[in-house]
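Below are the chains, spelled out letter by letter.
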Amino acid sequence: MFSLATFAFASVFLATAHAQCTRTYTVVTGDTCDLISEKEGVSSFQLTSVNSATINSECSNLFVGEVLCLATQEEDCTDVAVVQSGESCLEIADNSGISVTWLIENNPNVNTDCTNLRPGEVLCVARTSIFIRSGVVPSGAVPSGPVVSSRMFLLK
């Protein structure tokens, strides 16, 4: 009885949480967070951020059939790049046509020295800010539309 009640509560909680999702994905055999991020065009950080109630920090607790939120209206970076072995933030930013500052602002999981990249990680390379950790909007950024959040800006 306890496990059935727990399952019912979890199902209602997840349904409510996923009601705010603009995109979802159902986990299949062999999936990892990075593979899902690459397949679905979402950054690794965004995937774990919007699923923080269900995915642990190592992303080791995925299960087949699990429905994950890929994005919300406030958090949806679809311009992504997969980190290759030996690649630097400067290379990724240059290849994507953005600054390193912009790359780091859009990927709060990347430290400011850019020394913690790992091959296979999927980074947001959008010109629209998804996450601004410093509270400082990168120069050249203007509101990308009606300002719902101080995080939504577009580079001109």
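It should be emphasised that the depicted structure is a prediction, and the values quoted were computed from it without experimental measurement.

**Some remarks on the overall build of the protein**
Item 1. The helix and strand inventory of the protein stands at five helices and six strands.
Item 2. Out of the 156 residues in the protein, the part that is buried amounts to 37%.
Item 3. Put simply, the protein shows about 8600 Å² of open surface, and 58% of that area lies on carbon and sulfur atoms.

**A word on the confidence of the model for the protein**
Item 1. Taken residue by residue, the protein gives an average pLDDT of 78. The fraction at 70 or more is 71%.
Item 2. Predicted confidence for residues 1–17 stays below pLDDT 50, and this span has two contacts to residues more than four positions away or in other chains.
Item 3. Across residues 132–156, confidence stays below pLDDT 50; counting only partners more than four residues off in sequence or on other chains, it has 50 contacts.

**Overview of the environment of Gln46**
Item 1. Take Gln46: it is sitting in helix 3 (residues 44–50).
Item 2. By relative accessible area, Gln46 is classed as buried at 0%.
Item 3. Measuring from C-alpha to C-alpha, the distance between Gln46 and Asn109 comes to 9.6 Å, with 63 residues separating the pair along the chain.
Item 4. At 2.7 Å, the side chain of Gln46 forms a polar contact with the backbone nitrogen of Cys77.

**Some thoughts on the nonpolar core**
Item 1. Counting residues in each nonpolar core, the largest one holds 14 residues, and the members touching the most others are Ile92, Leu103, Val110, Leu117 and Leu123.
Item 2. Among the secondary structure elements, those contributing two or more residues to this core are helix 4 (89–96) and helix 5 (100–105).
Item 3. Not counting residues within four places of it along the chain, the set of residues in contact with Leu117 comprises Val83, Glu87, Ser88, Cys89, Ile92, Val110 and Leu123.
Item 4. Grouped together as the second largest cluster of nonpolar side chains are 11 residues, Ile36, Val42, Ile55 and Leu62 included.

**Things to note about helix 4**
Note that an α-helix has 3.6 residues per turn; residues three or four places apart therefore point the same way.
Item 1. Those residues of helix 4 that sit buried are Cys89, Ile92 and Ala93. Here the buried residues of helix 4 occupy an arc of 95° about the axis, which is enough to place them on one side. Residues of helix 4 that are exposed and angled more than 90 degrees away from the buried face: Leu90, Asp94 and Asn95.
Item 2. In the core, the buried residues of helix 4 are packed alongside strand 3 (80–82), helix 5 and strand 4 (122–124).
Item 3. Residue Gly97 follows helix 4 closely and has a positive phi angle near 75°.

**Overview of the environment of Lys39**
Item 1. Assignment of secondary structure puts Lys39 in helix 2 (residues 33–40).
Item 2. Residue classification places Lys39 among the partly exposed residues on the basis of a relative accessible area of 49%.
Item 3. Other than its neighbours up to four places away in sequence, Lys39 contacts Tyr25, Val28 and Asp31.
Item 4. Within the structure, the side chain of Lys39 is placed 2.6 Å from the side chain of Tyr25, a separation counted as a polar contact.
Item 5. Side chain to side chain, Lys39 and Asp31 meet in a polar contact 2.8 Å long.

So, how was this worked out
Residues numbered from 1 in each chain as written. Predicted model: local features only at pLDDT ≥ 70, side-chain atom pairs only at ≥ 80, totals over all residues. Heavy atoms only, no water. Helix = DSSP H or I, 4+ residues; strand = E, 2+ residues; numbered from the N terminus. Buried < 20%, exposed > 50% of the residue type's maximum accessible area, 1.4 Å probe, protein only. Areas by Shrake-Rupley, 256 points an atom, 1.4 Å probe, with all protein chains shown as cover. pLDDT = per-residue confidence, 0-100. Contact = heavy atoms within 4.5 Å. Polar contact = N/O pair within 3.5 Å; in protein donor to acceptor, adjacent residues only side chain to side chain. Core = buried A, V, L, I, M, F, W, Y, C linked by side-chain atoms within 4.5 Å. Arc of directions from axis to C-beta.

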